[in-house]
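Fold and contact review
Next come the chains, spelled out residue by residue.
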Amino acid sequence: MNPTKEAEEAYPTRRQVGFALVSAGVLTSEWLNTYALVPRRAFLPDVIWPYDMESGQAVHVSRTDDAGRWRRYADADVPIVTQWDDGGHEGPRPGRLPTSSASMPSVVFRMLDVLTVDGDSRVLEIGTGTGWNAALLAHRTGDGHVVSVEVDAAVADRAREALHRFGALVEVVHGDGLCGAPDHAPFDRVVATCGVREVPFDWVAQTRPLGVIVAPWGTGFTQDDALVRLQVHASGEFAQGRFVGPVAFMKARAHRTAPVDHEAYAPHTGFPAVEEPGEVAAEIAAGGRFGPLVFALGLRVPDCAFSPAQERDGARPLWFYSRGDRSWACVFLREGRPAQVWQHGPRRLWDEVRAAHAWWCARGRPGWDRFGLTVGAAGEYAWLDDPGRPL
């Protein structure tokens, strides 16, 4: 077999990806025809930066230079960056911050399934991106039933052109999606394709009673999100619902948080560490970035950023930084030894994290489906098991 043939067979075809999505229960029968007729590649630019699973990095791919490679990535179940640094990036190398993308098909169809649209649904999409998600919705709901809001004018223009070229009648609005689209309301469904740190009440107010809102929501403890499905109350005064599971999305521009500047906290370990059993820290480290434990910690330890370092030579430090002041904590794990703990500042962050872990354990280590969110005009709050038990 020649190298070119080997490279081609290393990538699943679009048909194989679809079969895998169906087998995993992600691509349901309601969306199967839409998947077949609305390919992601029709909405991608000539230059893309797909996430390469083997290297764990975004790679530059040009359709002009290698059309076959471009198409294989376009059809693969991987996220694809289409813009860096809010459009200020140039050249083939990845930029500093990915700011627009086409999500991986498995995530897209999982969200669409949770959204539960039908042929009569009027849908508001927050974050147009390439336009592919809007085109999928338009195929299911019918022409003129989808309004998509995009904050970046250049991204909105490209999506509008791609949708027109494909023949999908979607109203693309350039504006702040956190404000919704009041001139086009009311909607039966609202779906956000960007991560938010709070659900705007404008989305609730622009959704019909008993309508559904689906959004990636996070606390800022990490950069990851959890998918929440909210239903607007019959009164229209609030929306509430449960979390579905973990996702990772680019954040709405107004909800971005600056990366932690390690040096600004001037962390130093020139004072003695406190030794303690390492079981709690080890469980946090082993839970992974998408585990329910880390999500629960974010709910119970507000205004805190968690930054676990990579394990090296059997050692791994876990850093916690307060967003409200310069408090910090470091837990140093080394296999076969007690954990070493340093804490500095008015907040004893490791004490807070350890207490949050004890709270999670005492309630039976709840998973995603036991947590929920209520959004009203006065704000929002998360809860466990019942809306009457706010966190």
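Everything that follows concerns the structure shown earlier in this document.
Small disclaimer: the values here were computed from a predicted structure and weren't measured.

1. Thoughts on the sheet that holds strand β6 (residues 123-126)
- Across the sheet, 9 strands lie side by side as β8-β7-β6-β9-β10-β11-β12-β18-β19; this open sheet has mixed pairing. Each of the sheet's edge strands pairs with one partner strand only, and the pair in question is β8 (171-174) and β19 (379-384). Strand-to-strand twist in this sheet, taken as the mean axis angle between neighbours without regard to direction, amounts to 20°.
- Where strand β18 (residues 371-376) meets β19, 6 bridges bridge the pair, whose relative direction is antiparallel. Bridging across to β19, Phe-371 finds its partner in Leu-384.

2. Side note on unusual backbone geometry
- In this chain, Ala-185 is followed by Pro-186 through a cis amide linkage whose omega measures 5°.
- With respect to the helices and strands, Pro-186 occurs in the loop between β8 and β9 (187-192).
- In this structure, Asp-303 takes a positive phi of about 55° despite not being glycine.
- With respect to the helices and strands, the residue Asp-303 is situated in the loop between α10 (292-300) and β14 (304-308).
- Of note, Arg-365 is a non-glycine position whose phi angle comes to about 50°, a positive value.
- With respect to the secondary-structure elements, Arg-365 resides in the loop between α11 (349-362) and β18.

3. Structural notes on the side chain of Asp-85
- With respect to the element layout, Asp-85 can be found in the loop between β4 (80-84) and β5 (98-102).
- Arg-96 is the oppositely charged side chain nearest to the buried, salt-bridge-free Asp-85, at an N-O distance of 4.4 Å.
- Residues within four places of Asp-85 in sequence aside, it is in contact with Gly-95, Arg-96, Leu-97 and Thr-99.

4. Considerations on the pairing of strand β7 (residues 146-150)
- Within β7, 5 of the 5 residues are buried, leaving the element largely enclosed by the surrounding structure.
- Here β7 shows two buried faces, one formed by Val-146, Ser-148 and Glu-150 and the other by Val-147 and Val-149.
- Pairing analysis gives 4 bridges linking β6 to β7, with the strands arranged parallel. Residue pairing for β7: Leu-124 is matched across the bridge by Val-147.
- Each parallel crossover has a hand, and for β7 linked through helix α7 (residues 153-166) to β8 it is right-handed.

5. What to know about the packing of aromatic side chains
- Per the counting criterion, the structure on display carries 19 aromatic pairs.
- Aromatic pair Trp-49 and Trp-84: ring centres 6.2 Å apart, planes at 85°, arrangement edge-to-face. With Trp-49 in strand β1 (residues 47-52) and Trp-84 in strand β4, this pair connects stretches of sequence that are 35 residues apart.
- Look at Trp-319 and Trp-328: their rings are 5.6 Å apart centre to centre, the planes differ by 45°, and that puts the pair in the tilted class. Accessibility assignment for this pair places Trp-319 and Trp-328 in one class, buried.
- Through a chain of ring-to-ring contacts, three or more aromatic side chains come together here, namely Trp-217, Phe-243, Phe-295, Trp-359, Trp-368 and Phe-371.
- The positively charged end of Arg-140 is found above the aromatic ring belonging to Trp-31, 4.7 Å away from the centroid.
- Positioned above the aromatic ring of Tyr-265 is the side chain of Arg-326, whose terminal nitrogen or guanidinium carbon lies 4.8 Å from the ring centre.

About the criteria used
- Residues numbered from 1 in each chain as written.
- Predicted model: local features only at pLDDT ≥ 70, side-chain atom pairs only at ≥ 80, totals over all residues.
- Heavy atoms only, no water.
- Pairing = 2+ DSSP bridges.
- Helix = DSSP H or I, 4+ residues; strand = E, 2+ residues; numbered from the N terminus.
- Axes fitted to C-alpha atoms, helices over the stretch in contact; angles between N-to-C directions.
- Buried < 20%, exposed > 50% of the residue type's maximum accessible area, 1.4 Å probe, protein only.
- Lys, Arg positive; Asp, Glu negative; His and termini not counted.
- Salt bridge = Lys/Arg side-chain N within 4 Å of Asp/Glu carboxyl O.
- Contact = heavy atoms within 4.5 Å.
- Right-handed = clockwise from strand over helix to strand, strands pointing away.
- Phe/Tyr/Trp six-rings, centres within 6.5 Å; stacked < 30°, edge-to-face > 60°.
- Lys NZ or Arg CZ within 6 Å of the ring centre and 35° of its normal.

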